[in-house]
Amino acid sequence: RAKASGGHRYELFNEPLRQQTRDRLGLRAALRRAVGAGAVTVAYQPIVRVGDGRLETVEALARWHDDERGEVPTAEFIAAAEETGLIHELGLQVLEQACTQVARWRRVFGAATPRVAVNVSPRQLLPADFAPRVLTLLDRVGLPADALELEMTESCALEPGARAALERFTAAGVRLAVDDFGTGYSSFAALRERTPQAFKLDRSFVARLPDDRPTDAIVSAVLALAQHLGATVTAEGVETDEQLQRLRELGCPQVQGFLLGRPASAERIERDWLSRPR
Ligand code: C2E
Ligand code: MG
Ligand code: MG
Ligand code: MG
């Protein structure tokens, strides 16, 4: 653009762009302060067994309330954290909070306590000390390894640098889940090498249920594949009774979405799901 307009290169730095750059730098600085202060919190969303409505897992989702910006969308600050490298510290803080919380629930509510699923970005798996730090954390808070599930996208599982960490986790008994399954570059060769314990069917598929034939076929195929691999499936983004009904008919074992429950505070999960018999 600057070239086409001859010498008017200043157009490249027009006011909206300048503003955007300022916003982005401001967001990064504020995020750095928030992570430094341990101000990022965690919300928990129920993942429910279709057969009997039992709470199987809670997914930990990072939340950041900034005084100036209000509630910052998670995708936005996670992207900023990935770009700046803050994701390492932020990710460990989320793991620490989530594992501590669920270990506490296990002491109070016993074996019926759900597992906890925590999202990890590809970059988090690269440093050699990541897996040892997480395993030490589990030890310290007293959470069994198989009560933790790490959710990662397909690209993450394929990242060559992530291999060592994934092997450490699997050997220790930590579960792996492929997040947003069906939207990335799934390769059957990768699944052959490392079978995850769970697939999370992306909500773009669920959104097209119940009357879209290709979607029905894809969902059925994913369910069959998972079953043959000995893995479970969670359908993400279930918002309507019709979607839940169709997923039940297709034999989907687990569901997650606003219909079942929105991401909520630990207190709220405790009150609505753990304290009362279902
Ligand atoms: P995700 O792991 O796929 O998480 C599911 C997202 O879908 C969450 O958005 C959740 O609030 C939203 N969701 C759940 N049920 C429904 C539904 O029925 N309808 C709709 N429309 N949305 C639903 P959220 O919390 O904004 O998180 C966005 C993404 O940010 C997550 O997607 C995950 O990839 C990433 N993320 C969140 N927390 C962390 C974290 O601690 N570390 C890392 N690395 N990434 C995180
Ligand atoms: Mg997830
Ligand atoms: Mg997901
Ligand atoms: Mg998703």
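Below is a short write-up of the structure. Here the structure is a predicted model, which means the values were calculated and not measured.

Coordination of the magnesium ion (ligand 2) by the protein is provided by Glu-59 (OE), Asn-119 (OD1), Glu-151 (OE) and Asp-179 (OD), with metal-donor distances spanning 2.0 to 2.2 Å. Each donor residue of the magnesium ion (ligand 2) lies on one chain, and together they are spaced E-x59-N-x31-E-x27-D. Owing to a relative accessible area of 5%, Glu-59 belongs among the buried residues under this scheme. Its relative accessible area of 8% is what places Asp-179 among the buried residues.

Two elements in contact, helix H3 (residues 87–109) and helix H4 (residues 130–141), have axes whose closest approach is 9 Å; the angle formed by their N-to-C orientations is 30°. In terms of their interaxial angle, H3 and H4 are classed as roughly parallel. As for the relative orientation of H3 and H4, their crossing is right-handed in sense. Facing H3, whose interface residues are Leu-92, Leu-95, Glu-96, Cys-99, Thr-100, Ala-103 and Arg-107, H4 presents Phe-130, Arg-133, Val-134, Leu-137, Leu-138, Arg-140 and Val-141. Counted by class, the contact of H3 with H4 contains 9 nonpolar, 1 polar and 4 charged residues.

If you look at the biggest cluster of nonpolar residues, it comprises 80 residues, and the most contacted ones within it are Leu-148, Leu-150 and Phe-169. Looking at which element gives the most residues to this core, the answer is H3, with 10 residues. Leaving out residues up to four positions away in the same chain, Leu-150 has contacts with Leu-95, Val-118, Val-120, Phe-169, Val-174, Arg-175, Leu-176 and Ala-177.

Glancing now at helix H6 (residues 163–172). Considered for burial, the residues of H6 that qualify are Ala-165, Leu-166 and Phe-169. The arc enclosing the buried residues of H6, seen along the axis, measures out at 95°, which places them on a common side. Of the exposed residues in H6, those oriented more than 90 degrees away from the buried face are Ala-164 and Ala-171. Buried residues along H6 sit against H4, strand E5 (148–152), helix H5 (154–158) and strand E6 (175–181). Downstream of H6 by a residue or two, Gly-173 has a phi angle that is positive, lying close to 100°.

How each quantity is defined
- Residues numbered from 1 in each chain as written.
- Chains lettered and ligands numbered in written order.
- Predicted model: local features only at pLDDT ≥ 70, side-chain atom pairs only at ≥ 80, totals over all residues.
- Heavy atoms only, no water.
- Donors = N, O, S within 2.8 Å, 3.2 Å for Na, K, Ca; no water.
- Buried < 20%, exposed > 50% of the residue type's maximum accessible area, 1.4 Å probe, protein only.
- Axes fitted to C-alpha atoms, helices over the stretch in contact; angles between N-to-C directions.
- Helix = DSSP H or I, 4+ residues; strand = E, 2+ residues; numbered from the N terminus.
- Parallel < 35°, antiparallel > 145°, perpendicular 65-115°, else oblique.
- Left-handed = near helix turned anticlockwise from the far one by under 90°.
- Contact = heavy atoms within 4.5 Å.
- Nonpolar A, V, L, I, M, F, W, Y, C, P; charged D, E, K, R; others polar.
- Core = buried A, V, L, I, M, F, W, Y, C linked by side-chain atoms within 4.5 Å.
- Arc of directions from axis to C-beta.

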